[in-house]
Amino acid sequence: MNNKIYQLASIGVQQLIPYKAGKAIEELERELGLTKIIKLASNENPLGPGKKAITAIQQALSGLALYPDGSGYSLKQALAQKYNLDIEQITLGNGSNELLELVARAFLTPEFEVVFSQHAFAVYPIVTQAVGAKAVVVPALNYGHDLDAMLNAVTDKTRIVFIANPNNPTGTLLAQESVERFIAALPGTCICVLDEAYFEFVSSVEFIDSIDWLKRFPNLLITRTFSKAYGLAGLRVGYGLSSPEMSDILNRVRQPFNNNTLALVAAEAALSDEEHLKETVRINISGMLQLTEGFKELNLTWIPSAGNFVLVDIKQSGQALYEALLRKGVIVRPVGNYELPQHLRISIGTEAENKIFLQALAETLNNV
Ligand SMILES: *Cc1c(COP(=O)(O)O)cnc(C)c1O
């Protein structure tokens, strides 16, 4: 290894610990020679993409010699209509992950601080570190964000606060009233990134749509995605909703063709596929019940989740149980990197997948 090259990288990048993705099915096939593998590790939609998205992709295939529409006009138009916003308030990203990166690149330098919660999404420390800014991690409260403590951590050096609601990996949900109060209390020099990757799964009727706040808070960026509820994780489409000024800034630093043609048409079609979204939410609710009933039978506790995944407390090494489950062809997510070494995160699957997982869990739990 040539260590001199490492020393040439920026300080932030030298110290960066890259994101660890959920294990791919193909990878486990290669490693263990298993064939029947299920993956409940990355909060993907177990139903796959909807029919409308697939049809749109098929129809767009013959156009692939041409560059995509770099402005993403048609998709942005559809989003603007759906959310009753101006098209200038929408920024498209290569997954909402790219929005997190764009906001860090556009607003942070090493003199600034970034506030986020313990157990919050792993990408926040990465985008912060990559630009050499300082991460201020606020201890969690009951596994979720402690908004009062986070507000206390904000100083005149704080340029970005990240909030995930619901949070991944814990699934905890903040009341919208408290989020609104939090944003209102932030200094105007601090940007609030409200990461709503699991927004579509929130079933609480009291959940106010945060989009209403955009009129009042020019420093608010809401991020959402087609990767989770819409079943298009493989295509990489997410979007930011904000003031037109914030969107203008983010668009300055993104690459010109960050969303490919198939992603653009599929996302637009998916947006109109209410049937598929409804069915997705429906099987998520029943699957969550199936898993938590199963946990109860195994005398395990879990953290109530508003997302399409659940953190179960397995009272032993999560890594060891994860590996034992792998040998049975079941991929889940260990969360030791989130300071949760005795939990596993399980994405809700189909009824059949959930059943296979629970069976494997029962077999491995006391035999690791
Ligand atoms: C999955 C996830 C994202 C990013 O997903 P993309 O595929 O990049 O859109 C963002 N935030 C949270 C909390 C997530 O769990």
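Look up: the structure comes first, before these words.
It should be emphasised that the depicted structure is a prediction, and the values quoted were computed from it without experimental measurement.

A. Expanded view of the sheet that holds strand S3 (residues 113-117). Taking strand neighbours across the sheet as the criterion, the 7 strands line up as S2-S8-S7-S6-S5-S3-S4 in an open arrangement whose pairing is mixed. Each of the sheet's edge strands pairs with one partner strand only, and the pair in question is strand S2 (90-93) and strand S4 (134-138). On average, adjacent strands in this sheet sit at an angle of 20° to one another, irrespective of strand direction. Across 4 bridges, the pairing between strand S6 (residues 191-195) and strand S7 (residues 220-225) is parallel. The partner of Leu194 across the bridge, within S7, is Ile222.

B. Summary view of the site of the ligand. Neighbouring the ligand are the residues Gly95, Ser96, Asn97, Phe121, Asn168, Asp195, Ala197, Tyr198, Thr225, Ser227, Lys228 and Arg236. Here Asn168 contributes a side-chain N or O atom positioned 2.7 Å from an oxygen atom of the ligand. Interatomic distance of 2.5 Å between a side-chain N/O atom of Ser227 and an oxygen atom of the ligand. Taken by itself the ligand offers 380 Å² of open surface, and the protein chains cover 93% of this. In this structure the site holding the ligand corresponds to the second largest pocket.

C. Here's a closer look at the side chain of Asn259. Of note, Asn259 is situated in the loop between helix H10 (244-253) and helix H11 (261-271). By relative accessible area, which is 3% here, Asn259 ends up buried. Separated by 3.3 Å, the side chain of Asn259 and the backbone oxygen of Arg236 make a polar contact. Residue contacts for Asn259: discarding those within four places in its chain leaves Pro68, Leu92, Gly93, Asn94, Arg236, Val237 and Leu264.

About the cut-offs
Residues numbered from 1 in each chain as written. Predicted model: local features only at pLDDT ≥ 70, side-chain atom pairs only at ≥ 80, totals over all residues. Heavy atoms only, no water. Pairing = 2+ DSSP bridges. Helix = DSSP H or I, 4+ residues; strand = E, 2+ residues; numbered from the N terminus. Axes fitted to C-alpha atoms, helices over the stretch in contact; angles between N-to-C directions. Near = heavy atom within 4 Å. Polar contact = N/O pair within 3.5 Å; in protein donor to acceptor, adjacent residues only side chain to side chain. Areas by Shrake-Rupley, 256 points an atom, 1.4 Å probe, with all protein chains shown as cover. 1 Å grid on protein atoms, 1.4 Å probe; cavity = no way out; pocket = protein on both sides within 12 Å on 5 of 7 lines; lining within 4 Å. Sits in = over half its atoms within 2 Å of the grid points. Buried < 20%, exposed > 50% of the residue type's maximum accessible area, 1.4 Å probe, protein only. Contact = heavy atoms within 4.5 Å.

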